[in-house]
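Reading the structure
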Amino acid sequence: MTDPLCAKNEIPTTVLSRCIHDLKAHGMRSSLLAAFLYSRAVKIPMLPLMVHYFGTLYTGLYVVNILLFSVLSGVIMEQLERGTPQGLDYND
């Protein structure tokens with residue numbers, strides 16, 4: 001029997017927040033976390049359905065747009081983090 005979370009392609013927020021906390025504790029940069037969270041909007045199993053309903057052009061532009069903006073959000077987060085003094089890290 002398959003796990004219902006895997007079948008729906010969803011990860012509960014509590015599990016995701018624990019994973020993010022562990023990754024951050026092991027030294028993952030906030031910019032990579034921001035890019036990861038933003039790019040979760042692209043659902044690989046839903047792409048064929050999106051192509052069927054909206055067409056290849058729209059789906060392609062949607063995916064490229066999401067991926068570009070995920071990289072952009074990571075770059076912005078990196079810039080914001082550089083301006084933060086070392087003593088103000090509230091993630092601990």
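Residues numbered from 1 in each chain as written. Predicted model: local features only at pLDDT ≥ 70, side-chain atom pairs only at ≥ 80, totals over all residues. Heavy atoms only, no water.

1. A short note on the overall build of the chain
Put simply, the test is: Under the DSSP-based scheme used, a helix requires at least four consecutive residues in state H or I and a strand at least two consecutive residues in state E, with every element numbered from the N terminus. Residues are treated as being in contact if the distance between any of their heavy atoms lies within 4.5 Å. Shrake-Rupley sampling with a 1.4 Å probe provides the accessible areas, and residues are treated as covered by the protein chains on show and by no other component.
Secondary structure assignment for the chain yields five helices and zero strands. Put simply, the chain runs from its N terminus to its C terminus through helices and strands in the order α-α-α-α-α. The long-range fraction of contacts in the chain, counting pairs at least 24 apart against all pairs at least 6 apart in sequence, stands at 63%. Accessible area of the chain: about 7,400 Å², with a carbon and sulfur share of 67%.

2. Regarding the pattern of salt bridges
Here is the rule: One side-chain nitrogen of Lys or Arg within 4 Å of one carboxyl oxygen of Asp or Glu is enough to make a salt bridge. Using a 1.4 Å probe on the protein chains alone, a residue whose accessible area is under 20% of its type maximum counts as buried, one over 50% counts as exposed, and one in between counts as partly exposed.
Tallying each qualifying case throughout the model produces two salt bridges. Ionic pairing is found between K24 and E81, a salt bridge with its closest N-O pair at 3.6 Å. Of this pair, K24 sits in helix α2 (residues 13-25) while E81 sits in helix α5 (residues 56-82), and the two are 57 residues apart along the sequence. Residue classification places E81 among the partly exposed residues on the basis of a relative accessible area of 33%. R29 is the partner of E78 in a salt bridge, and the nearest nitrogen-oxygen pair spans 3.6 Å. Taken together, the residues E78 in helix α5 and R29 in the loop between α2 and α3 (30-39) connect sequence positions 49 residues apart. You can call R29 partly exposed: its relative accessible area is 46%.

3. As for the packing of helix α4 (residues 47-54) against α5
Under the convention used in this document: With axes taken as lines fitted to C-alpha atoms, and helix axes fitted only over the stretch in contact, angles between N-to-C directions fall between 0 and 180 degrees. For classification, angles of less than 35 degrees are called roughly parallel, those exceeding 145 degrees roughly antiparallel, those between 65 and 115 degrees roughly perpendicular, and all remaining angles oblique. Under this grouping Gly is polar, as are all residues other than the nonpolar Ala, Val, Leu, Ile, Met, Phe, Trp, Tyr, Cys and Pro and the charged Asp, Glu, Lys and Arg.
At a closest axis distance of 7 Å, the pairing of α4 and α5 adopts a crossing angle of 135°. Between α4 and α5, the angle falls in the class oblique. Seen from α4, the contacting residues are L47, M50, V51 and F54; seen from α5, they are T56, Y58, T59, Y62 and V63. Its residues placed into classes, the contact of α4 with α5 shows seven nonpolar, two polar and no charged.

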